[in-house]
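Chain by chain, the residues:
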Amino acid sequence: MTAKTAVITGITGQDGAYLAAFLLKKGYRVVGIVRRSSHFGVATHRLDWLGITRQVELIDGDLLDLGGLCRTLREVKPDEIYNLAAQSFVKTSWQQPTLTGQVTGLGAVNILEATRLEVPDAHFYQASSSEMYGLIREPVQSETTPFYPRSPYAAAKLFAHWMTVNYRESYGMFACSGILFNHESPLRGLEFVTRKVTDAVAQIALGRADELRMGNMEAQRDWGHARDYVEAMWLMLQHGEADYYVVATGRTNSVRYMIDTAFAHAGLDPDKYIRVDPALLRPAEVDILLGNPEKARKTLGWQATTSLEDMIREMVDADLARYRALPR
Ligand code: GDP
């Protein structure tokens, strides 16, 4: 059997990098569509960190450019397409609601449409999000829980989610969507709360910082490890039937608990360093998310394997190593 080819949008992000590493290990040819910026070129630091930058092929492209997406898919002829690109930070989505709608919402339609036109038999994965549950309608969220998005980001993701379902039902495409609950790692962006905390803990431990400004610490999230979650994406595309799945740990914890875990690992007392900053509160908050991963477990045989505690410790250690390697 010849090796499969996968196209990943958002390959320079956390999930894209872990997914690329996972697929390379399975013998795939991995092609990433990347947005080039004249100032920074292509940001490959996550691929560099995983040591796979030279093993992936990067092609310039943008989710907003349907023509370019069509051309790329026509040339590459992928067996699998993973749409992970998005404006993915919830807080920014209030500052840039239109852009978020264009990239995160309409961008998904562009890649679906390019797939339909150029490689209709390819298996397609859409990165949906637990943020779509927003103001939760059920205490534990599953595939049948009604959605109630609470941010421009979540509304755009919900549109993309339903468009994926529509392309499947209308055109018979193998289009899946994974409703991934929060998933983190040492490659998480610094704008997200886990990495912001582990980075600050490392800086404080090394005498490079002396405070950590936080928003709402009562919020609760079902946090898993991105490395585990990219496997669920792949499993969805190998299954006999296209469908959508919740990907979660089934455990929820507060931001405060996550902070305590990170500080404890460095032997520090969080109360000495934390300042609450009202500027970090959001116009609308998602108070609690807790996913039910039963369907993914039963149908795909997938299960989260990394605990929040182990993940946070891994992240603190990675941030400590990063700062130790820097000149002072
Ligand atoms: P989200 O669930 O996609 O919004 O992921 P985030 O990691 O950005 O935020 C998770 C939760 O942490 C949200 O409820 C935030 O309001 C809360 N939070 C509290 N303080 C902060 C902070 O300083 N930065 C971020 N990003 N989130 C914070």
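Computed from a predicted model, the values in this text were never measured in an experiment.

1. A few points about the site of the ligand
Move 1: Near the ligand, the surroundings consist of 18 residues, among which Glu131, Lys196, Arg221, Arg282 and Glu285 are the closest.
Move 2: Here an oxygen atom of the ligand and a side-chain polar atom of Lys196 are 2.7 Å apart.
Move 3: Contacts to the ligand include Gly215, whose backbone N or O atom sits 2.8 Å from a nitrogen atom.
Move 4: Those elements that place two or more of their residues in the shell around the ligand are helix H7 (193–205) and strand E8 (212–214).
Move 5: For the shell around the ligand, a count of residues per class yields eight nonpolar, three polar and seven charged.
Move 6: Shared between two domains, the shell around the ligand takes at least three residues from each, and those domains are domain 1 (5–183 + 223–247) and domain 2 (187–221 + 252–285 + 306–324).

2. Structural notes on the nonpolar core
Move 1: The biggest cluster of nonpolar side chains holds 39 residues, and the ones touching the most others in it are Ile8, Leu23, Val30, Tyr82 and Tyr125.
Move 2: Listing elements by their share of this core, those giving two or more residues are strand E1 (5–9), helix H1 (14–25), strand E2 (29–34), strand E5 (123–129), strand E6 (174–180), helix H8 (226–238), strand E11 (244–247) and helix H10 (294–300).
Move 3: It is H8 that provides the largest number of residues to this core, a total of nine residues.
Move 4: Ignoring sequence-local partners within four residues, the contact set of Val30 consists of Ala6, Ile8, Ile11, Ala20, Leu23, Leu24, Val56 and Glu57.
Move 5: Of all hydrophobic cores here, the second largest spans 25 residues; its members include Ala200, Ile204, Val255 and Val316.

3. Regarding the pairing of E11
Move 1: Residues Tyr244 and Val246 of E11 are buried on one face, and the alternating residues Tyr245 and Val247, pointing to the opposite face, are buried as well.
Move 2: Sheet analysis places E6 next to E11, joined by four bridges and oriented parallel. Pairing of Ser177 across the sheet is with Tyr244, part of E11.

4. Let's talk about the domain arrangement of the chain
Move 1: Domains assigned within the chain are domain 1 (5–183 + 223–247) and domain 2 (187–221 + 252–285 + 306–324).
Move 2: Each partner contributes to the interface: domain 1 provides 20 residues, whereas domain 2 provides 25 residues.
Move 3: Between domain 1 and domain 2, the buried area comes to about 2100 Å², and carbon and sulfur atoms account for 59% of it.
Move 4: Put simply, domain 1 and domain 2 have two salt bridges between them.
Move 5: A salt bridge links Arg221 to Glu131; the shortest N-O distance between them is 3.8 Å.
Move 6: Counting the contacts that link domain 1 with domain 2 gives nine residue pairs in polar contact (both at pLDDT 80 or more).
Move 7: Contributions of two or more residues to the side of domain 1 that touches domain 2 are made by H1, helix H2 (45–49), helix H4 (90–95), strand E10 (224–225) and H8.

The rules behind each value
- Residues numbered from 1 in each chain as written.
- Predicted model: local features only at pLDDT ≥ 70, side-chain atom pairs only at ≥ 80, totals over all residues.
- Heavy atoms only, no water.
- Near = heavy atom within 4 Å.
- Polar contact = N/O pair within 3.5 Å; in protein donor to acceptor, adjacent residues only side chain to side chain.
- Helix = DSSP H or I, 4+ residues; strand = E, 2+ residues; numbered from the N terminus.
- Nonpolar A, V, L, I, M, F, W, Y, C, P; charged D, E, K, R; others polar.
- Domains from an automatic or database assignment.
- Core = buried A, V, L, I, M, F, W, Y, C linked by side-chain atoms within 4.5 Å.
- Buried < 20%, exposed > 50% of the residue type's maximum accessible area, 1.4 Å probe, protein only.
- Contact = heavy atoms within 4.5 Å.
- Pairing = 2+ DSSP bridges.
- Buried area = accessible area lost by both parts, 1.4 Å probe.
- Salt bridge = Lys/Arg side-chain N within 4 Å of Asp/Glu carboxyl O.

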